[in-house]
Amino acid sequence: MKKWYKYVIVAFLFMLLALIRWFENELFYDPYLLFFHNDYLYMDSPRQEVFKLVVNTSFRYFLNTVISLLILYAFFKEKSLITFSSIIYIISFIVLIMCYLYFVLDPKQENYYIFFNLRRFLIQPIILLLLFPAFYYNKLRQ
């Protein structure tokens, strides 16, 4: 029963991540959502309110981070993994948001592809997709 409960909690948390993605247009200010859905390599960067954009992107990263850490805790139940993951998320945020600001403030068409992929790390739970299998493999080896 306890194992079943753990899987239900993890599935629920993954659904929360999916809902953030599903309702991204309604929840967050991000003019780059539409921009990157189109043929962005041949368009000019959209006009944006930089402060509002950075706050919304940071908030989305924070939501994804909290849910991701809850997923890791619900599945592995190890505080040391959560501490390590938190450090990874904080360092990643600092590095990614600085690079993100560079691309937002100085948009160049030749950098759009790099910006597109860098932005994905901020708005999608990609770090969870890297940490989860690594921790699972480590757990299997012990």
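For the structure itself, look to the data block above.
In this text the structure is predicted, and so the values were computed from the model without any measurement.

Caption draft 1: Quick peek at the packing of aromatic side chains. Tallied over the entire structure, the rule returns 10 aromatic pairs. Centre to centre, the rings of phenylalanine 75 and phenylalanine 132 are 4.9 Å apart; their planes meet at 55°, and the pair counts as tilted. A residue pair is termed long-range when its members are at least 10 positions apart, and phenylalanine 75 in helix 4 (residues 50-76) and phenylalanine 132 in helix 7 (residues 126-141) qualify at 57 residues. Judged by relative accessible area, which is 10%, phenylalanine 75 ranks as buried. Ring pairs connect the aromatic residues Tyr7, Phe75, Phe76, Phe84, Phe132, Phe135 and Tyr136, which therefore count as one cluster.

Caption draft 2: Broad picture of the pattern of salt bridges. Counted according to the given criterion, the structure contains one salt bridge. With a closest N to O distance of 3.3 Å, aspartate 106 and lysine 108 form a salt bridge. Overall, aspartate 106 belongs to the partly exposed group, its relative accessible area being 29%. Residue lysine 108 is classed as partly exposed on the basis of its relative accessible area of 33%.

Caption draft 3: How the structure looks around the nonpolar core. Membership of the largest hydrophobic core comes to 31 residues, with the highest contact counts inside it found for Ile71, Leu72, Tyr89, Tyr100 and Leu122. Of all the secondary structure elements, the ones that give two or more residues to this core are helix 1 (2-22), helix 4, helix 5 (79-105), helix 6 (112-123) and helix 7. Here this core gets 10 residues from one element, more than from any other, and that element is helix 4. When neighbours within four sequence positions are excluded, leucine 122 is seen to be in contact with Thr57, Arg60, Tyr61, Asn64, Phe93, Leu96, Ile97 and Tyr100.

Caption draft 4: Quick look at the layout of surface pockets. Within this model, the largest pocket holds a volume of roughly 170 Å³. For the largest pocket, the full set of lining residues is Lys2, Lys3, Tyr5, Lys6, Ile9, Leu13, Leu70, Tyr73, Ala74, Phe75 and Lys77. At the level of secondary structure, the elements contributing two or more residues to the lining of the largest pocket comprise helix 1 and helix 4.

Caption draft 5: Broad picture of unusual backbone geometry. Backbone geometry at lysine 77 places phi at a positive 55°, although glycine is not the residue there. The topology assignment puts lysine 77 in the loop between helix 4 and helix 5. For lysine 77, a relative accessible area of 51% corresponds to the exposed category.

Caption draft 6: Broad picture of empty space enclosed by the protein. The tally for this structure, following the rule as stated, stands at one cavity of 30 Å³ or more. Roughly 50 Å³ of volume is contained in the largest cavity. Along the walls of the largest cavity sit Tyr61, Asn64, Thr65, Ser68, Tyr89, Phe121, Gln124, Pro125, Ile126 and Ile127, which together make up its complete lining. Only helix 4 and helix 7 provide two or more residues apiece to the lining of the largest cavity. The leading source of residues in the lining of the largest cavity is helix 4, at four residues. In the lining of the largest cavity, the residues fall into six nonpolar, four polar and no charged.

Caption draft 7: Here's a closer look at a nonpolar patch on the surface. On the surface, a cluster of nonpolar side chains totalling about 450 Å² of accessible area is made up of Leu19, Trp22, Phe23 and Leu27. Along the chain, leucine 19 falls in helix 1.

Calculation rules
- Throughout, a residue's number is its position along its own chain's written sequence, starting from 1.
- Only residues with pLDDT of at least 70 get local features here, since the model is predicted, and only at 80 or more are side-chain atom pairs given and counted; chain-wide, interface and lining totals rely on the full set of residues.
- Hydrogens and waters are ignored; side-chain quantities use all the structure's heavy atoms.
- Only Phe, Tyr and Trp rings take part, Trp by its six-membered ring, and two of them pair if their centres are within 6.5 Å. Stacked means planes under 30 degrees apart, edge-to-face means over 60, and tilted covers everything else.
- Secondary structure elements are defined from DSSP: runs of H or I of at least 4 residues count as helices, runs of E of at least 2 residues count as strands, and each element is numbered from the N terminus.
- Burial classes follow relative accessibility: with a 1.4 Å probe on protein chains only, a residue under 20% of its type's maximum area counts as buried, one over 50% as exposed, and anything between as partly exposed.
- Salt bridges, as used here, are contacts in which a Lys or Arg side-chain nitrogen is within 4 Å of a carboxyl oxygen on Asp or Glu.
- Among buried residues, those of type Ala, Val, Leu, Ile, Met, Phe, Trp, Tyr and Cys that are joined through side-chain atoms within 4.5 Å constitute a nonpolar core.
- Contact definition: two residues touch when any of their heavy atoms are within 4.5 Å.
- Buriedness for pockets is judged along seven lines, at least five of which must meet protein on both sides within 12 Å for an open set on the 1 Å grid over protein atoms alone, while cavities are sets there where a 1.4 Å probe fits but cannot get out, and lining residues have an atom within 4 Å of a point.
- Grid points are joined across faces, edges and corners, and a volume is the space filled by probe spheres set on the points.
- Under the scheme applied here, ten amino acids are nonpolar (Ala, Val, Leu, Ile, Met, Phe, Trp, Tyr, Cys and Pro), four are charged (Asp, Glu, Lys and Arg), and all others, including Gly, are polar.
- Two distance rules govern patches: like charges are joined within 9 Å, and nonpolar side chains (Val, Leu, Ile, Met, Phe, Trp, Tyr) within 5 Å, applied only to residues with over 30% relative accessible area and no salt bridge.
- Values of accessible area rely on a 1.4 Å probe in the Shrake-Rupley scheme; residue burial ignores everything except the protein chains shown.

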